[in-house]
Amino acid sequence: MSPLLSVENLRIAFPSRQGPVEVVRGVSFSLGRERLGIVGESGSGKSQTGRAILGLTPVSGTATADRLEFDGVDLRTASTRQWRKLRGARMSMVMQDPKFSLNPVMTIGRQLMEAVKLHGGKSEAHDKSIAMLEAVQIRDPERVMAAYPHELSGGMGQRAMIAMMLVTEPDLLIADEPTSALDVTVQIEVLRILDRLVTERGMGLIFISHDLRLVSTFCDRVLVMYAGRVVEELDARRMNEATHPYTRGLLNCLPTITGDSRPLPVLARDDAWLE
Amino acid sequence: MAFIDIEDLEVTFEGSGRQVRALKGVSLAVGEEESFGIVGESGSGKSTVLRALCGLAPVTSGRISIGGEPVQAPRDPAFYRRVQMVFQDPYASLHPRHTVDRVLSEPLAIHGFDRAEERVEQALEDVGLGAGFRFRYPHQLSGGQRQRVAIARALILEPKIILLDEPTSALDASIQAEVLNLLDRLRAERGLTYVLVSHDLAVVSHMCDRLVVMQGGEVVEQLTREALQAHATTEDYTRNLLTASEGFTRDPALQR
Ligand SMILES: Nc1ncnc2c1ncn2[C@@H]1O[C@H](COP(=O)(O)OP(=O)(O)O)[C@@H](O)[C@H]1O
Ligand SMILES: Nc1ncnc2c1ncn2[C@@H]1O[C@H](COP(=O)(O)OP(=O)(O)O)[C@@H](O)[C@H]1O
Ligand SMILES: [Mg+2]
Ligand SMILES: [Mg+2]
C-alpha cells in the first residue's frame with residue numbers, strides 16, 4: 001500500500017541579512033494511517049515542517065522538496081483549486097496558537113457550523129458542533145458557541161480549535177502542540193479522541209510536540225528533530241534504545257516522579273549534531 | 001509555628017458583576033529552608049496563593065504570617081527584602097527596553113544597597129550568566145537566559161524566601177533541567193525557602209520535600225515526596241493527576 005503522505009528532502013529557508021537561512025534542512029519521512037510524532041526543542045523546525053506540508057509556509061520563506069505527495073497528489077504543483085479541495089476537508093492542521101488560526105470576528109459556533117457545512121452536513125450543523133465541543137471536554141458548549149475567540153482562555157481556544165479540525169474528519173491531521181496549553185488530565189482526553197480517529201477511521205496523524213514523554217507513550221513512531229534535521233527515527237516503544245546523544249540527552253534531562261537524580265543531567269550540545 | 005503560615009485564606013475576585021472565589025479557605029505551613037510545592041490544574045488557585053502572600057490579591061479573610069509575625073498590609077519594603085517572586089513567562093516579566101544591568105540595579109537603588117556594580121556582577125555570576133550579559137536587552141537573550149536574569153533579580157536583595165510561579169513551564173526540557181539545577185544549588189548554598197507552583201507533578205516532585213494538591217480553590221491533599229513516589233495518595237483527584245502525568249495509556253480495547 002502506498003503511504004498517505006511522502007516527504008523527501010524538504011528544505012525551508014528564510015531570508016536574512018547574511019543571505020537565506022535554512023531552518024528545515026532535508027527532512028524525509030512517509031506516513032501511513034498511524035500516529036507519527038515529531039519532537040525537538042523550540043526552533044528545531046517542527047512547526048515549519050508541518051506548515052509546509054499544507055502549503056502554509058510564510059510568504060517570506062521558500063519551501064522545496066524532491067517529493068511532497070499526499071494520496072497521489074503532488075502538493076508542490078497543486079493548483080489553487082486542488083488545494084481548496086484538500087485543505088480543511090482532507091488535510092487539516094491544529095495550530096500551536098489558537099489566536100492565529102481562529103477567526104477573531106466570528107463566534108466559535110459560526111466557525112464550527114461552517115466547517116460542518118463545508119463537510120456536507122447542513123441540517124445537523126448545530127448539533128454536530130455541540131457534540132464536538134463536548135467531545136473535547138468543553139462543559140459549557142452553548143456558552144462557547146456564542147463566544148468570540150478572544151473571550152476564551154488559551155486552553156478553551158485550543159479545544160475549540162481541535163473541535164473545528166475534527167468536524168471535518170480529515171484523512172491527515174497535523175497537530176502542532178495541540179495539547180500544550182491544556183491540563184494533563186484534559187490533555188489525555190484529547191489524545192484519546194485523536195487516538196480513536198486513527199484507530200477507528202484510519203486517519204494519519206502527525207503529532208508535533210516538545211514533550212518526549214507524551215509522544216513516546218502516544219505515538220507509533222517518533223522523528224527527533226534538531227536544528228532543522230531529523231537526527232533519529234524511533235519506534236515509540238523503543239525510546240530507551242535511542243542512540244543519538246541528543247535524543248538520549250532529552251530523555252535523561254526530564255525530572256520524573258519516581259526518579260531521584262540530582263542534579264538533573266543536562267544536555268551538552270555538540271556541533272557535530274548540526275552536520 | 002511554621003516559618004510561612006497561611007490559615008483559612010479566602011480570596012474573592014470581583015469583576016463585571018461576577019465574583020470568583022479563587023481561594024476557599026486555604027491553609028498551609030512551610031518550614032524554614034524547606035522547598036514546598038503547590039500543584040494543580042489551571043485555575044485551581046495556585047498563583048493566587050503566591051500573589052496573596054505578596055499582598056497582590058483581594059484577601060477577604062484568613063491570616064498570613066512569616067517568621068511568626070503577621071504580614072503588614074500593604075507590604076513594606078522590608079517584606080520584599082525577605083520575599084521575592086519569579087514568574088512563569090520570562091518574556092513578559094522583563095521590561096523590553098531595560099538592559100539587564102538596569103533590571104538588576106533598580107531594586108538595589110530602591111532598597112538603598114551599596115556596591116551596586118559589584119552586586120550586579122556577582123548576581124549574574126551566581127546564575128551562570130557572567131558579567132558579559134550586563135548590557136544586553138531582553139530580546140538579545142534566549143528564554144532560559146531571561147529566566148536566569150529573573151532569578152538574579154529575585155536573588156539580588158538577598159531574600160530568605162523565593163516564590164516561584166511555574167518558573168520553567170515556558171522553557172525547553174533541556175533548559176528546564178539547567179534552571180531547576182540552578183534553583184536547587186542556590187537553595188542549598190543560601191538556605192533559601194521556596195514555595196514552588198507548577199502544573200507539572202514531576203517538577204514539583206523533583207524540587208520539593210512536601211507538596212499540596214489544589215483543586216477549585218481548595219487544598220485537596222498534602223503529601224510528602226516519598227508518599228507521592230509511592231502513589232500513597234488518598235484522593236482520587238491526586239491519583240488521576242499522577243496517572244495522567246506518566247503519559248498516555250492506550251485503551252486496551254483499541255489496541256491493534
Ligand atoms: N516567518 C519566519 N521568518 C524567519 N524565520 C522564521 C519564521 N518562522 C520561523 N522561523 C525560524 O525557523 C526556525 C524553525 O521554527 P519552527 O518551525 O517554528 O520551530 P519549532 O516549531 O520547532 O519551535 C526558527 O529558528 C524560527 O526562528
Ligand atoms: N485578577 C483576577 N480577576 C478575576 N479573576 C481572577 C483573577 N486572577 C485569578 N482569577 C481567577 O481565580 C482563579 C484562580 O486563578 P489562579 O490562581 O491564577 O490559578 P492557577 O495559578 O492555579 O492557574 C481562576 O478562576 C481565575 O480565573
Ligand atoms: Mg512550533
Ligand atoms: Mg498560575
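Residues numbered from 1 in each chain as written. Chains lettered and ligands numbered in written order. Predicted model: local features only at pLDDT ≥ 70, side-chain atom pairs only at ≥ 80, totals over all residues. Heavy atoms only, no water.

Peer 1: Just to check I follow, could you spell out the overall build of chain B for this structure?
Peer 2: Tallying secondary structure elements over chain B gives nine helices and 10 strands in all. For 256 residues, the compact-globule formula gives about 18 Å, and the C-alpha radius of gyration of chain B, at 19 Å, lands near that figure. For chain B, the spread of C-alpha atoms along the three principal axes comes to 60 × 50 × 40 Å. The proportion of buried residues among the 256 residues of chain B is 55%. Carbon and sulfur atoms make up 47% of the accessible area of chain B, which amounts to about 11200 Å² in all. Computing the positive centroid from 27 side-chain charges and the negative centroid from 36, chain B places the two 4 Å apart. (Helix = DSSP H or I, 4+ residues; strand = E, 2+ residues; numbered from the N terminus. Rg over C-alpha atoms; globule rule 2.2 N^0.38 Å. Buried < 20%, exposed > 50% of the residue type's maximum accessible area, 1.4 Å probe, protein only. Areas by Shrake-Rupley, 256 points an atom, 1.4 Å probe, with all protein chains shown as cover. Lys, Arg positive; Asp, Glu negative; His and termini not counted. Charge placed at Lys NZ, Arg CZ, Asp CG, Glu CD.)

Peer 1: Looking at this structure, how should I read the packing of aromatic side chains?
Peer 2: When we look at a pair of aromatic rings, we describe it by the centre distance and by the angle of the planes. Following the criterion strictly, the structure yields six aromatic pairs over all chains and no others. For the pair B:Phe79 and B:Tyr80, a centre-to-centre distance of 5.1 Å together with 85° between the ring planes defines the contact as edge-to-face. The exposure class assigned to B:Phe79 is buried, which follows from its relative accessible area of 8%. Taken together through their ring pairs, the aromatic side chains of A:Phe207, A:Phe218 and B:Phe248 make up a single cluster. The ring of B:Phe133 has B:Arg136 lying over it, and the distance from NZ or CZ to the ring centre is 4.3 Å. (Phe/Tyr/Trp six-rings, centres within 6.5 Å; stacked < 30°, edge-to-face > 60°. Lys NZ or Arg CZ within 6 Å of the ring centre and 35° of its normal.)

Peer 1: Any chance you could explain the site of ligand 2 here in plain terms?
Peer 2: All names here are of chain B. Residues in close proximity to ligand 2 include Phe13, Val20, Ala22, Glu41, Ser42, Gly43, Ser44, Gly45, Lys46, Ser47 and Thr48, which together make up its full environment. Ser47 places a polar side-chain atom, nitrogen or oxygen, 2.8 Å from an oxygen atom of ligand 2. In isolation ligand 2 has 560 Å² of accessible area, and contact with the protein removes 57% of it. Mapped by element, the contributors of at least two residues to the shell around ligand 2 are strand 2 (18-30) and helix 1 (46-53). Ranked by the residues each element gives to the shell around ligand 2, the list is headed by helix 1, at three residues. Grouping the constituent residues of the shell around ligand 2 by class yields three nonpolar, six polar and two charged. (Near = heavy atom within 4 Å. Polar contact = N/O pair within 3.5 Å; in protein donor to acceptor, adjacent residues only side chain to side chain. Nonpolar A, V, L, I, M, F, W, Y, C, P; charged D, E, K, R; others polar.)

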